Each structure stands twice: as structure tokens, then as C-alpha cells.
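One letter stands for each residue in the lines below.
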Amino acid sequence: AMSGPARISEQDAKAAVDVSHAEKAYARWAPIYDAVFTHIMRPGRKAIAEAANAHGGKTLNVGAGTGLELPMFTNAVQITGIDLSEPMLKIARKRVAGLGLTNVDELKVMDAHHLDFADASFDLVLAPYFVTIVPDPQTCMDEMARVVRPGGEIMLVNHVATERGPIAWAEALLAKAGPGLGWDPRFPWSVIGDWIKTRPDIALLERRILPPLGLFSLVRLARK
């Protein structure tokens, strides 16, 4: 039988390969990401920005990408953004400079599976369109919960798989393209729901279906 440490190192090796694959996928997508994804994802970005603006405080934006949502935040939201992709963040930095966004403190390359921040560093953690694309969403959510202070919130926007009907069929087709996109459209709610059940310190505050077509949901979690 395989020993514990060997099993862990095998998982780590797989995660490293997955992360490397994601970096390459997003380097390819960076130049055209805004043109392709701006409109379909705008309602979700707007919803998470409005919720963040109402909350305010020191905020970690996980998977900041090209910074599409950054102009949507008020100065009540003081942002540190991270992403695995340096080509994406380069575009985000140009956006911040061009628009003179004074509430963005830093944009840095970081793997969300291993956040380089102290416990309880943030009032708010935002992860729009993020946990459905990472190799190990539970580890990323553990890290988000670690760096948000008690009384703070974690806010997600995700597409969660539809169980039946035409959208479910479309998702099955899109899943074949998923590896090239770094995205799997069949992401089940149980990934988030089961994680919440393992975390007595986390409460589900809101799960709201968003336009267009109810493809995306805003999820708000409180750190007790």
C-alpha cells in the first residue's frame, strides 16, 4: 500500500501540473479575455462589487485577472489583488494606472492554494469566477477562510452546474472545451456546500441567482 507521505507528494505533484496548465491556459487567453468575457460576466462582477461596496474594508480579490471589476469598487473597498497569471495582472496594472484607481494597493502573482498572508488579514475576500477553475477548490476556500477576519465575509460568483434540461446539455458540450479554457462548466454546488458543512466557523449568508439566464450565482459566506 502507498504510504501517507507518498500519497501526499503525488497529490502535490498533480496540483503542480494543474497549476502549470492553468498558467499556460490563461497566458493564451490574456490578450482576448476582456473581449470574450466582459459582457457575459459583467452582471456577476457588478453584483459582487455592489455587495463589497456595501461591506467595505480591507479586501483580497482572488483571481483578479485583468482587473475587469476593479473600476466597480468605491474607495470604501481597499483592494489587494492576486492572480496566478502575470500576463493577466500586467493588463490589470495598466487598467489601474489608466483609471487612477487609488483604492488598489497591490496586484501580485500568487497561488490561491497557498496564500502568502497572515491569518485574519482582510475584512473581505472576493473570488469572482474563481473556485470553479482551480485544481483544489476546498484548499483555496480554506485559505480564504484563514485570511479573512472573524466577522468578515467571503463572496463568490460562480457558475454551478444545472442538473437537467437544455443548459445541462450545453454544459456537457462545453466541458469538452473546458481543459483549454481552464474551466469546467459541470462544477457542482456540493463542492461549496460540502465544504461549508466541514467548517463550523463558516455560515452561508446568501445564495442568489443572477442574470443573464440564471447561469451564475452570488454566494456570500460569513466567518463567524
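Turning next to the environment of Pro 200. Locating Pro 200 in the fold gives a position in the loop between α5 (190–197) and β6 (202–210). Taking the relative accessible area as the measure of exposure, Pro 200 reaches 66% and is therefore exposed. A C-alpha to C-alpha distance of 8.3 Å links Pro 200 and Lys 224, two positions 24 residues apart in sequence.

The subject of this paragraph is the environment of Ala 76. If you trace the backbone, Ala 76 turns up in the loop between β1 (57–62) and β2 (77–83). Each C-alpha atom, one on Ala 76 and one on Lys 58, is 8.6 Å from the other, the two residues being 18 residues apart in sequence. Those residues in contact with Ala 76 that sit more than four places away from it in its chain are Asn 53, Gly 56 and Gly 57.

This part is about the sheet that holds strand β5 (residues 148–158). Pairing within the open sheet is mixed, and its seven strands lie in the order β3-β2-β1-β4-β5-β7-β6. The open sheet is flanked by β3 (104–109) and β6, the only strands paired with a single partner. Averaged over all neighbouring strand pairs, the angle between strand axes comes to 15°, with direction disregarded. Where β2 lies against β3, five bridges are found, and the strand directions are parallel. Residue Ile 82 lies in a different strand from β3, and its bridge partner there is Lys 108. Helix α2 (residues 86–99) rests against β2 and β3 of the sheet, and its axis sits at about 165° to β3. The sheet strands contacting α5 are β5, β6 and β7 (216–223), and the helix crosses β6 at an angle near 160°.

Let us look at the side chain of Glu 69. Looking at the element boundaries, Glu 69 is found in the loop between β1 and β2. A polar contact is formed between the side chain of Glu 69 and the side chain of Asn 61, at a distance of 3.1 Å. Beyond its immediate sequence surroundings of up to four residues, Glu 69 is in contact with Arg 45, Asn 61, Ala 64 and Pro 128.

In contact at an axis separation of 10 Å, helix α3 (residues 137–147) and α5 are set at 50° when each is read in the N-to-C sense. With respect to their mutual orientation, α3 and α5 come out oblique. For the element pair α3 and α5, the recorded crossing hand is right-handed. Contacts between α3 and α5 pair Pro 137, Gln 138, Met 141, Asp 142 and Ala 145 from the former with Val 191, Ile 192 and Trp 195 from the latter. Residue classes in the contact of α3 with α5 are distributed as six nonpolar, one polar and one charged.

Glancing now at the confidence of the model for the protein chain. Mean pLDDT over the protein chain works out to 83, with 71% of the residues at or above the 70 mark. For residues 178–182, every residue scores under 50 in pLDDT, and the model assigns this stretch ten contacts once sequence neighbours within four places are set aside.

This paragraph deals with the pairing of β5. Of all the eleven residues making up β5, eight are buried; the element is thus mostly covered by neighbouring parts of the structure. Alignment of strand β4 (residues 122–128) against β5, held across six bridges, turns out to be parallel. Paired with Leu 124 across the strands is Glu 153, a residue of β5. Note on the crossover from β4 through α3 to β5: the handedness is right-handed.

Rules used throughout
Residues numbered from 1 in each chain as written. Predicted model: local features only at pLDDT ≥ 70, side-chain atom pairs only at ≥ 80, totals over all residues. Heavy atoms only, no water. Helix = DSSP H or I, 4+ residues; strand = E, 2+ residues; numbered from the N terminus. Buried < 20%, exposed > 50% of the residue type's maximum accessible area, 1.4 Å probe, protein only. Contact = heavy atoms within 4.5 Å. Pairing = 2+ DSSP bridges. Axes fitted to C-alpha atoms, helices over the stretch in contact; angles between N-to-C directions. Polar contact = N/O pair within 3.5 Å; in protein donor to acceptor, adjacent residues only side chain to side chain. Parallel < 35°, antiparallel > 145°, perpendicular 65-115°, else oblique. Left-handed = near helix turned anticlockwise from the far one by under 90°. Nonpolar A, V, L, I, M, F, W, Y, C, P; charged D, E, K, R; others polar. pLDDT = per-residue confidence, 0-100. Right-handed = clockwise from strand over helix to strand, strands pointing away.

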